[in-house]
Amino acid sequence: MRLSARVDYALRAAAELAATASGPGRGRPVTAEQIARAQEIPPKFLESILLQLRRGGIVHAQRGPEGGYWLARPAEEISLAEVIRVVDGPLAHVRGQRPEQLGYHGPARALQEVWIALRASEREILELVSVADVAAGTLPARVTELAADPRAWI
């Protein structure tokens, strides 16, 4: 699985907004500059990502001196999968196509099922974990269990 820098930054920005929403000063918009500084994200790149997240219904924005960004819904209701789909599209694709649209023949026919199973596995984890889980550092038991396996790290 490969995640783009755009996805990585979007997830980090969402986690930052989730942490801010539950910490001191909650309820106040957070500027893109504050998010960029806290997460070490290039500010101009972050602006375009936040625009995508706003268009995708993940964040709200307000302009002006009291402006900034905040999550559009409670962080517990926003899965990592949703953020990834807004920023990068479908979770798994092969050469830009969804696995069910591929046409393999002969000995390679089973690859289609492998890609579909891979997508289902990704979806299971990414929909299980919310932005709130990441921000709080309290991941679901299944994720912690998988990450504890030394083979997962190589």
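Each remark here, short or long, concerns the structure printed above.
Please read these numbers as outputs of a predicted model, since none were measured by experiment. (Residues numbered from 1 in each chain as written. Predicted model: local features only at pLDDT ≥ 70, side-chain atom pairs only at ≥ 80, totals over all residues. Heavy atoms only, no water.)

Comments concerning the overall build of the chain
Piece 1. Counting secondary structure elements, the chain contains seven helices and two strands.
Piece 2. Considering only C-alpha atoms, the chain reaches an extent of 65 × 30 × 25 Å along its principal axes.
Piece 3. Burial status across the chain gives 32% buried among its 154 residues.
Piece 4. Of the contacts formed within the chain by residues at least 6 apart in sequence, a portion of 52% connects residues at least 24 apart. (Helix = DSSP H or I, 4+ residues; strand = E, 2+ residues; numbered from the N terminus. Buried < 20%, exposed > 50% of the residue type's maximum accessible area, 1.4 Å probe, protein only. Contact = heavy atoms within 4.5 Å.)

With respect to the packing of aromatic side chains
Piece 1. One pass over the full model with this rule turns up one aromatic pair.
Piece 2. Summarising the aromatic geometry, the rings of tyrosine 9 and phenylalanine 45 are spaced 5.5 Å apart at their centres and angled 85° between planes, so their arrangement reads as edge-to-face. Residue tyrosine 9 is located in helix 1 (residues 5–22), and its partner phenylalanine 45 is located in helix 3 (residues 43–55); the two are separated by 36 residues in the primary sequence.
Piece 3. Looking at tyrosine 9, the relative accessible area reads 16%, which means it is buried. (Phe/Tyr/Trp six-rings, centres within 6.5 Å; stacked < 30°, edge-to-face > 60°.)

Thoughts on the nonpolar core
Piece 1. Leu46, Leu53, Val83 and Val131 are the most contacted members of the largest nonpolar core, which has 34 residues in total.
Piece 2. Listing elements by their share of this core, those giving two or more residues are helix 1, helix 2 (32–39), helix 3, strand 2 (68–71), helix 4 (80–88) and helix 6 (131–136).
Piece 3. For this core, the leading source of residues is helix 1, giving eight residues. (Core = buried A, V, L, I, M, F, W, Y, C linked by side-chain atoms within 4.5 Å.)

Concerning the pattern of salt bridges
Piece 1. A complete count under the given rule lists six salt bridges for this structure.
Piece 2. In this structure, arginine 73 engages glutamate 82 in a salt bridge whose closest nitrogen and oxygen atoms are separated by 2.5 Å.
Piece 3. On the accessibility criterion, glutamate 82 (21% relative accessible area) is partly exposed.
Piece 4. Ionic pairing is found between glutamate 145 and arginine 142, a salt bridge with its closest N-O pair at 2.9 Å. In this pair, glutamate 145 and arginine 142 are both assigned in helix 7 (residues 141–148), three residues apart and thus about one turn of the helix distant. (Salt bridge = Lys/Arg side-chain N within 4 Å of Asp/Glu carboxyl O.)

Describing the side chain of serine 130
Piece 1. With respect to the helices and strands, serine 130 occurs in the loop between helix 5 (111–128) and helix 6.
Piece 2. Of the polar contacts made by the side chain of serine 130, one reaches the backbone nitrogen of alanine 132; its length is 3.3 Å.
Piece 3. Once residues within four sequence positions are removed from consideration, serine 130 is found in contact with Ala75, Glu76, Ile78, Ser79 and Leu80. (Polar contact = N/O pair within 3.5 Å; in protein donor to acceptor, adjacent residues only side chain to side chain.)

What to know about the environment of alanine 61
Piece 1. The residue alanine 61 is located in strand 1 (residues 59–62) in this model.
Piece 2. Note: C-alpha distance between alanine 61 and alanine 38 (23 residues apart in sequence) is 18 Å.
Piece 3. Not counting chain neighbours up to four residues away, the residues in contact with alanine 61 comprise Arg54, Gly68, Tyr69 and Trp70.

Some thoughts on the pairing of strand 2
Regular strands have side chains that alternate between both faces of the sheet.
Piece 1. In the sheet, strand 1 pairs with strand 2 via four bridges, with the strands oriented antiparallel. Paired with glutamine 62 across the two strands is glycine 68, which belongs to strand 2.
Piece 2. The turn joining strand 1 and strand 2, which pair antiparallel and follow one another in sequence, is formed by five residues; a positive phi near 105° is taken by glycine 64. (Pairing = 2+ DSSP bridges.)

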